[in-house]
Amino acid sequence: MASENSPLLAYRLLGEEGVTFPANGAGGPGGASSRKLSTFLGVVVPTVLSMFSIVIFMRIGFVVGHAGLLQALAMLLVAYFILALTVLSVCAIATNGAVRGGGAYFMISRTLGPEVGGSIGLMFYLANVCGCAVYMLGLVEAVLDVFGADATGPSGLRVLPQGYGWNLLYGSLLLGLVGGVCTLGAGLYARASFLTFLLVSGSLASVLLSFVVVGPRDIPLTPRPGPNGSSLPPLTGHFTGFNSSTLRANLGAGYARDYTTGAMMTFASVFAVLFNGCTGIMAGANMSGELKDPSRAIPLGTIIALAYTFFIYALLFFLSGFTCDRTLLQEDYGFFRAISLWPPLVLIGVYAASLSASMSSLIGASRILHALAQDDLFGVILTPAKVVSRGGNPWGAVLSSWGLVQLVLLAGKLNTLAAVVTIFYLVAYAAVDLSCLSLEWASAPNFRPTFSLFSWHTCLLGVASCLLMMFLISPGAAGGSLLLMGLLAALLTARGGPSSWGYVSQALLFHQVRKYLLRLDVRKDHVKFWRPQLLLLVGNPRGALPLLRLANQLKKGGLYVLGHVTLGDLDSLPSDPVQPQYGAWLSLVDRAQVKAFVDLTLSPSVRQGAQHLLRISGLGGMKPNTLVLGFYDDAPPQDHFLSDPAFSEPADAAAGESGAPALSALFPPPRAPGSPRALSPQDYVATVADALKMNKNVVLARACGALPPERLGRRPGGPPQPHHVDVWPLNLLRPRGGPGYVDVCGLFLLQMATILGMVPAWHSARLRIFLCLGPREAPGAAEGRLRALLSQLRIRAEVQEVVWGEGAGAGQPEAADEGEEGDFVNGGRGDAEAEALAGSANSLVRAQQGRGGAGGPGGPEGGDWDAGPATALTFLYLPRPPADPARYPRYLALLEVLSRDLGPTLLVHGVTPVTCTDL
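Conventions we followed
- Residues numbered from 1 in each chain as written.
- Predicted model: local features only at pLDDT ≥ 70, side-chain atom pairs only at ≥ 80, totals over all residues.
- Heavy atoms only, no water.
- Helix = DSSP H or I, 4+ residues; strand = E, 2+ residues; numbered from the N terminus.
- Buried < 20%, exposed > 50% of the residue type's maximum accessible area, 1.4 Å probe, protein only.
- Contact = heavy atoms within 4.5 Å.
- Axes fitted to C-alpha atoms, helices over the stretch in contact; angles between N-to-C directions.
- Parallel < 35°, antiparallel > 145°, perpendicular 65-115°, else oblique.
- Left-handed = near helix turned anticlockwise from the far one by under 90°.
- Nonpolar A, V, L, I, M, F, W, Y, C, P; charged D, E, K, R; others polar.
- Pairing = 2+ DSSP bridges.
- Phe/Tyr/Trp six-rings, centres within 6.5 Å; stacked < 30°, edge-to-face > 60°.
- Salt bridge = Lys/Arg side-chain N within 4 Å of Asp/Glu carboxyl O.
- pLDDT = per-residue confidence, 0-100.
- Patch = residues over 30% accessible without salt bridge, like charges linked within 9 Å, V, L, I, M, F, W, Y side chains within 5 Å.
- Areas by Shrake-Rupley, 256 points an atom, 1.4 Å probe, with all protein chains shown as cover.
- Expected span 1.5 Å × (residues − 1).
- Polar contact = N/O pair within 3.5 Å; in protein donor to acceptor, adjacent residues only side chain to side chain.

Along its length, the chain carries 29 helices and 12 strands. In the chain, which comprises 919 residues, the proportion classed as buried is 51%. The contacts of the chain with a sequence gap of at least 6 include a subset with a gap of at least 24, amounting to 80%.

This is the structure in C-alpha cells:
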C-alpha cells in the first residue's frame, strides 16, 4: 500500500490504527486550528444579515406601495424560488466532499475547472467589494438623513457637515472600523456579527410590535420639489392600523414615479430592487474556511437563514399592506421610524444592518481573494493576498480588499453600479447551479452528496432563472458580465492552470462518448461515409516526426492512434513498464500538435505486439482500419527533435522548469547506423501480411523526412509552393491496363490522395494520375474510362498516359496472368527478372517526376522537359506479400528497388471499399 498513489493518502484516511482524521475540509487558511465557527455564528448570522441589509428597513414600503400586496408577495415567491434552487445546488456540492476556503469559488473551480472557476471567482470577488462599498455609502446616506447639515426630515439634528469630501471621510472612517474588525480575525467578526444580529432582531421586533400596538395616526410627509423647481403641496400619509379597507386598497398594483429618482416604476424595476436585497445567500458559504464542519454547516445554516428571512419579509409585506395607505408607502420609504414605538431603535437597526452587510461582504471578498491567490491562477499579482497571520487569518487579503473598497468609495454614488453588483452575484449563482448540473449529468460514481433534495431539473431551472433575472434587471450589465467572464476564462486558459483538481468536463465527455459509441453500430456502416482510421506503429518518435504529422493529415477527421511496442515479458518483470510511458507519449502528441490517441503494449516481439494493437486498439465502431508503417531500409535514422521548432531546447527547458521532464530525456537517441534492430526484415513483412489477413489496409511510408515543412503545416507564413502529388494506381510489379485501374486497391490509392488534397497545407498541390499502357493497347481508351470514373467520384485530377517501356527498360515482356493478386513470385518470374522489372518501374516513375519539373526528386538529368512544379509525394500500389514466408526478404528487396530515390513515397494496399458513386 505504501507505494500506491491514492488521493486518500493526502487526507491520511488510509493511515494506521489510532491516526486522528482531520475534519471535513481541513485545509483552508491556517488549517484545522482556524476552524472555530459554528453553524449559527458562521452561516446563519452572516447570511441573515446579508439578506436583510438596509433593504428590509428602507424598501418594504417601496415594494408594497408600487406593486401592491399580491404582486409583492408574488415577487417575493419568485425571488426566493430562484434563491432556493441555488441553495439546493450549494447544499448538494457542499455535502459531496471537503469544502475548503473560498466558498462558492472553491465549489465552482473544483467542478468546472480553473478557467471558469477563476473567472467567476474574480467576478464574485468584485461583486463583494462593490457590494461592501454600496453598503458603506448607503450607511453614510442613512446617517446624514438624520444628522446631516442638509437633512430634510422633521427629526433631523443637522450637526454633520455634508459634501463630497465629507461624505468620503465618513465612509472611510466607517470602512476603517469594518476593516479593523475583519483584520483581527473571523472570531471577532463572528462576535461583532452576533451583536449586530441582536440589534437588527431587536429593531425588527420593535417594528413588528409597533404595527400591533401603535394606534392610527397621520404622518406629514416632506414636501417634494415640483417639475419647475417649485414645491408640491405637502402630503400626509395615514397609518390606519389593521383595516380591511386599507388592505383592499393595497391589494392591486399602483405603479407611480419614484420620489427619490423621478423614474416611472414597473414590475421589473421594483422586482430588481427587491431581488437586490436578497442576494446574500453565499455569505455563509464564503466562510467555509473558518467553519468547524462546512459540509454540514453550509446547507443547514443557509436553509435556516433562507426560511427565516422569507418569513420576516412576507410578514412585513402583509403588515404594511394591512395598516398603511398607498400614499405613505410610496412617499416615505422610511416610514418604520414614523410608526415605531421608539424611533431611535429603528435607526439602530438600519445602521447595524448596513454595518453587518459591509463586514460580511468585506470578509467574504477577502476569503475569495485568498483562495484565488492560493490557487495561483493570476500569478504574482495576487501574491500579497497569500499572507496569513499566525492564527490563520488572511489579513493580506483583507487589507487588499479594504484598499480596493476604499478606491470604489471615491466614485461617490453607486446607483448604476448596484445593478452590476447584482448581476455578478447572479452569474456566480448560475455557475453554482451549472456545477451541480454538470456533476449530476456526468453520473460520476463519486458524486453522492448526503443532501438529496435536488435533481438535474432543479439545477437546470436554477441556471435558467438566474440568466433570465440577469437580463430582466439590466440587459447591458448582463451582456457585459458574460463578456467579461469569457475574456477572463480565455486569459486563464491561455495562461494554463492546475490539472489535478478534476474537471467535470472530462466526466461529461466520458458519459457522452460512451453513450454515442454504443450507438455507433458497425453493422450500420456505409461506404459513403468511410473515413481512414489509422494505426501508426512508431518505434522511436525522434526519427518519425514527419510521418507522425503526415498521418495526422491523412486521417480526415477519423481515428488516429499512435502505437508502440515495448519488448519484454510481464512474468519476468516486477511491474508493468508500459504504464509510466503514457505521460511521455501524450506530451509528444501535445508538442507535435497532432490529434491522436496513444496505445502502448508489452510483447516478446514487435510482430506479436503489432497483432495485439491491430486487434484491440479502438472501441466499438472506432477501430483502426489502416496500418501505417515506416519503410524498412538501410537509411540512417535522423533525430528530428534537433531540427523541429516544437522540440527545440527553449521549449524543453520550459517543460523542465514546470516540473515535467523534457521530451528529449524521455525518448532515447535514434539507433546508431549498423546497430541491431528490434524488428527483422522477415517480421516486418510478416506484420504487413498479418494486417492484410485481418482485413486492414496498409500504408508504408518512405523518405517522409524530405517533405518540406510547409507541407506538414509547420510554416504558416505564406502559401506553399505548387507541387504535384503523383498516383500510380496499378501494381508496377505486374503492370496491366484497362479494368485494373478500378480495382479496390486502385480506388483506395485515389481516395487517400484526394483526402490529402483536402488538407489546407496541400490545397495548392496538383493531383496527377498515371495510366500505364501495354505494348498492344490503344491510347485514349483507358484514359477515357478513368476520366469518366473520376467524374463520378468527384475527383479533380490530371490524367496522363505512359507507354510501358518508354524510358523504363524497353523490351520487358508482358506480364503473365496472375495466380494471386500482387504475388509476383507465383507469376512465374525469377529473382533477376523481377528485380529488373522493379528497376524499370522505378525509372519510369522517376522520369515522370521529372516531366513538368526541372530536376524533380531523383529525376534523371537532361531531357526536354518544361520548367514547372516538382513532385512532392508519390502514391504507389503496394503488392501483396508472397504466400511463401521464405520469399519475404526478397519481396522487401524488390520494394526497396521500386521506391528507391523517389523522394517521399507512400506504398499503399487497400482491401476495403472506400467510395461509391451514389448520393
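On to the packing of helix 4 (residues 60–94) against helix 17 (residues 456–473), then. Two numbers describe how helix 4 lies on helix 17: the axes approach to 9 Å, and their chain directions differ by 135 degrees. Classed by the angle they form, the pair helix 4 and helix 17 counts as oblique. In this structure, helix 4 crosses over helix 17, and the sense of that crossing is left-handed. Facing helix 4, whose interface residues are Phe-81, Ile-82, Leu-85, Thr-86, Leu-88 and Ser-89, helix 17 presents Thr-458, Cys-459, Leu-461, Gly-462, Ser-465, Cys-466 and Met-469. Here the residues of the contact of helix 4 with helix 17 are counted per class, giving eight nonpolar, five polar and no charged.

A word on the sheet that holds strand 8 (residues 724–728). Strand order in the open sheet formed by 10 strands is 5-4-3-6-7-12-11-8-9-10, and the pairing between neighbours is mixed. A single partner strand is all that each edge strand has here, and the edge strands are strand 5 (597–603) and strand 10 (798–803). Pairs of neighbouring strands in the sheet enclose a mean axial angle of 25 degrees, with direction left out of account. Note that strand 3 (residues 534–537) and strand 4 (residues 560–567) share four bridges and pair parallel. Within the sheet, the bridge partner assigned to Leu-534 lies in strand 4 and is Tyr-560. Against the sheet, helix 26 (residues 744–757) contacts strand 6 (626–630), strand 7 (697–702), strand 8, strand 9 (766–773), strand 11 (871–877) and strand 12 (905–909), and its axis sits at roughly 160 degrees relative to strand 11.

Time to look at the packing of helix 8 (residues 186–213) against helix 11 (residues 294–323). Across the interface, helix 8 lies against helix 11 with an axial gap of 10 Å and an inter-helix angle of 30 degrees. Classified by the interaxial angle, the pair formed by helix 8 and helix 11 is roughly parallel. Viewed along their axes, helix 8 and helix 11 form a crossing whose handedness is left-handed. From helix 8, Ser-201, Leu-204, Val-207, Leu-208 and Phe-211 reach across to helix 11, where they touch Tyr-308, Ile-312, Leu-315, Leu-316, Leu-319, Ser-320 and Thr-323.

This part covers unusual backbone geometry. The phi dihedral of Asp-376 is positive, around 60 degrees, even though this residue is not glycine. Within the fold, Asp-376 resides in the loop between helix 14 (343–375) and helix 15 (395–409). Even without being a glycine, Gln-593 presents a positive backbone phi close to 60 degrees. Of note, Gln-593 is situated in the loop between helix 21 (582–592) and strand 5.

Our focus in this paragraph is the packing of aromatic side chains. For the structure shown, the criterion picks out 26 aromatic pairs. Seen in terms of ring centroids, Phe-124 and Tyr-425 are 5.7 Å apart; in terms of plane orientation they differ by 80 degrees. Their pairing is edge-to-face. Placement of Phe-124 in helix 6 (residues 114–147) and of Tyr-425 in helix 16 (residues 415–442) is noted, with a sequence separation of 301 residues between them. In this pair, the class of Phe-124 matches that of Tyr-425, namely buried. When the centroid spacing of 4.4 Å and the interplanar angle of 10 degrees are considered together, the rings of Trp-728 and Phe-770 count as stacked.

Inspection of the entire model under this criterion finds 10 salt bridges. With its nearest N and O atoms 2.9 Å apart, the salt bridge here joins Arg-768 to Asp-726. In this pair, Arg-768 sits in strand 9 while Asp-726 sits in strand 8, placing the two residues 42 residues apart along the sequence. Linking Glu-896 and Arg-900 is a salt bridge whose minimum nitrogen-to-oxygen distance equals 2.6 Å. What makes Arg-900 partly exposed here is its relative accessible area of 36%.

What follows is about the side chain of Ser-203. One can find Ser-203 in helix 8. Among the residues examined, Ser-203 registers a relative accessible area of 0% and is labelled buried.

We now examine the confidence of the model for the chain. This prediction gives the chain a mean pLDDT of 80; 82% of its residues lie at or above 70. Within the model, pLDDT remains below 50 along residues 1–33, and this stretch shows 37 contacts once partners closer than five positions in the same chain are excluded.

Moving on, we get to the pairing of strand 6. Most of strand 6 sits inside the fold, with four of its five residues counted as buried. In terms of strand pairing, strand 3 meets strand 6 through three bridges, oriented parallel. Bridge pairing in strand 6 links Leu-534 to Thr-626. As paired strands, strand 6 and strand 7 are joined by five bridges and run parallel to one another. Residue pairing across strands places Thr-626 opposite Asn-697, the latter belonging to strand 7.

In this section: a nonpolar patch on the surface. A cluster of nonpolar side chains, contributed by Leu-195, Leu-199, Leu-209, Val-212, Val-213, Phe-242, Leu-341, Trp-342 and Ile-348, occupies part of the molecular surface with about 850 Å² of accessible area. The element contributing the most residues to the nonpolar patch is helix 8, with five residues. With respect to the element layout, Leu-341 can be found in the loop between helix 13 (335–339) and helix 14. Residue Leu-341 is classed as partly exposed on the basis of its relative accessible area of 47%.

With that settled, the discussion passes to helix 26. An ideal rise of 1.5 Å per residue puts 20 Å on 14 residues; helix 26 measures up with 20 Å between its terminal C-alpha atoms. Among the 14 residues in helix 26, 12 count as buried, and that is most of the element. Within the sequence span of helix 26, burial applies to Cys-745, Gly-746, Leu-747, Phe-748, Leu-749, Leu-750, Gln-751, Met-752, Ala-753, Thr-754, Ile-755 and Leu-756.

Next up on the list: the side chain of Arg-711. Structurally, Arg-711 can be placed in the loop between strand 7 and strand 8. When its relative accessible area of 0% is taken as the criterion, Arg-711 is described as buried. At a separation of 3.2 Å, a polar atom in the side chain of Arg-711 contacts the side chain of His-723.

When you tally the buried positions in strand 8, you get five out of five residues, the bulk of the element. The two faces of strand 8 match: His-724, Asp-726 and Trp-728 on one face and Val-725 and Val-727 on the other face are all buried. As defined by bridge partners, strand 8 adjoins strand 9 across four bridges and the pair is classed as parallel. Residue His-724 lies in a different strand from strand 9, and its bridge partner there is Arg-766. In this sheet, strand 11 lies alongside strand 8 in parallel orientation, the contact comprising five bridges. Bridged to Val-727 within strand 11 is Phe-875.

Secondary-structure assignment places Ala-79 in helix 4. For the pair formed by Ala-79 and Phe-271, sequence separation is 192 residues and the distance between their alpha carbons is 8.3 Å. In contact with Ala-79, other than residues within four places in its own chain, are Phe-271 and Phe-275.

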